[in-house]
Amino acid sequence: IIKMKENGKKKETFIKNVDPQMITVVDNWVFYFQNDKLYKIRTSKKDKIKITEENILNYTIKDDYIYYIYHNGERNILARKTLEGKNFLKLAENVSTDFEIIGNKIYFIEQKYNKDIQEYEYKLFNMKTNGAKRKQILALPNDIGEINITAKALYYINTEDNALYQYKYKKGEQERLL
């Protein structure tokens, strides 16, 4: 990671040997990956702290928490910890790698393998950021391709008809776009 002034001057190597994944700066802390683990370090280069032992697939920081998805060897888990790496709380299992936090709700895709039809089934859920009030919003087609969860809508491609669909959370409406 290279640290520099906004004008591009005073470049210096901040941290070496980091993974080429998302870097986030919150207050005076830099969050980054090293050997698939999430760390944080002060912008002054002091107090390097390992946040997770798990191999993180995706994360976001909201208020005083890190929300993240990791793979436990069998399935993807959605969890949260404080920014200090404490108070682990498992929020959901069998999730895809994408999620979005909107206000005090987390939107995520649950994916479970149905042995009877030998296919994965996908469902959009939301819940409060503390894990309470989990609610199924939408059953998605089994032939789902790419998924993009945004603040206002879920977008996905149905590989059966190669169409792009949009589901608006607030209106509860689904429509084919292309």
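In this numbering scheme, every chain counts its residues from 1 along its sequence in written order. Where totals are concerned, whole chains, interfaces and linings use all residues; where local detail is concerned, this predicted model gives features only for residues with pLDDT of at least 70, and gives and counts side-chain atom pairs only at 80 or more. Only heavy atoms go into the side-chain values, all of them from the structure, while hydrogens and water stay out.

*Asks:* An account of the overall build of the protein is requested, with residue identities and associated values reported.
*Replies:* Helix and strand counts for the protein come out as zero helices and 18 strands. Oriented by its inertia axes, the alpha-carbon framework of the protein measures out at about 55 × 35 × 30 Å. By residue count, 38% of the 178 residues in the protein fall in the buried class. Contacts: residue pairs with any heavy atoms within 4.5 Å of one another. Residue pairs at least 24 apart in sequence account for 23% of intrachain contacts in the protein once pairs closer than 6 positions are excluded. Accessible surface, the protein: about 10900 Å² in total, of which carbon and sulfur atoms supply 43%. Counted as positive: Lys and Arg. Counted as negative: Asp and Glu. His and the chain ends are not counted at all. The location of each charge is read from NZ of Lys, CZ of Arg, CG of Asp or CD of Glu. One way to put it: in the protein the 32 positive side-chain charges average out to a point 9 Å from where the 25 negative ones average out. Only DSSP runs of H or I covering at least 4 residues are called helices, and only runs of E covering at least 2 are called strands; the numbering of each starts at the N terminus. Only protein chains enter the accessibility calculation, which uses a 1.4 Å probe; a residue whose area is less than 20% of its type maximum is buried, one above 50% is exposed, and one in between is partly exposed. Exposure was quantified through the Shrake-Rupley algorithm and a 1.4 Å probe, taking into account, for residues, occlusion by the shown protein chains and nothing else.

*Asks:* How would you summarise the packing of aromatic side chains if you had to cite specific residues and measurements?
*Replies:* When two rings of Phe, Tyr or Trp (its six-membered ring) have centres within 6.5 Å they constitute a pair, described as stacked for plane angles under 30 degrees, edge-to-face for angles over 60, and tilted for the intermediate range. Within the structure shown, the criterion is met by 11 aromatic pairs. Taking the centre distance of 5.9 Å and the plane angle of 15 degrees together, the rings of Tyr 32 and Tyr 39 count as stacked. Take Tyr 39: its relative accessible area is 13%, and that puts it in the buried class. An angle of 35 degrees between the planes, with centres 5.9 Å apart, marks the rings of Tyr 68 and Tyr 70 as tilted.

*Asks:* Break down the sheet that holds strand β11 (residues 95-102) for me, with residues and values.
*Replies:* Strands pair, by our definition, only if DSSP identifies at least two bridges between them. Taking strand neighbours across the sheet as the criterion, the four strands line up as β11-β12-β13-β14 in an open arrangement whose pairing is antiparallel. Each edge of the open sheet is held by one strand with a lone partner, namely β11 and β14 (135-140). Between one strand axis and the next, the sheet turns by 25 degrees as a mean value, whatever way the strands run. With 10 bridges connecting them, strand β12 (residues 105-114) and strand β13 (residues 119-128) associate as antiparallel partners. Residue pairing across strands places Phe 108 opposite Phe 125, the latter belonging to β13. Here an angle of 0 to 180 degrees is reported between the N-to-C directions of two axes, which are lines fitted to C-alpha atoms, with helices fitted over the stretch in contact.

*Asks:* Outline the pattern of salt bridges, supporting the account with residue identities and numerical values.
*Replies:* Salt bridges are identified by distance alone: a Lys or Arg side-chain nitrogen within 4 Å of an Asp or Glu carboxyl oxygen. The tally for this structure, following the rule as stated, stands at eight salt bridges. A salt bridge links Glu 12 to Lys 45; the nearest nitrogen and oxygen atoms lie 3.1 Å apart. Here the residue Glu 12 occupies a position in strand β2 (residues 12-13), and Lys 45 occupies one in the loop between β5 (37-42) and β6 (49-50), the gap between them amounting to 33 residues. When its relative accessible area of 38% is taken as the criterion, Lys 45 is described as partly exposed. Notably, a salt bridge pairs Glu 110 with Arg 134, separated by 2.4 Å at the nearest N-O pair. Here the residue Glu 110 occupies a position in strand β12, and Arg 134 occupies one in the loop between β13 and β14, the gap between them amounting to 24 residues. Since its relative accessible area comes to 9%, Glu 110 is described here as buried.

That's the geometry; what it means functionally is another story.
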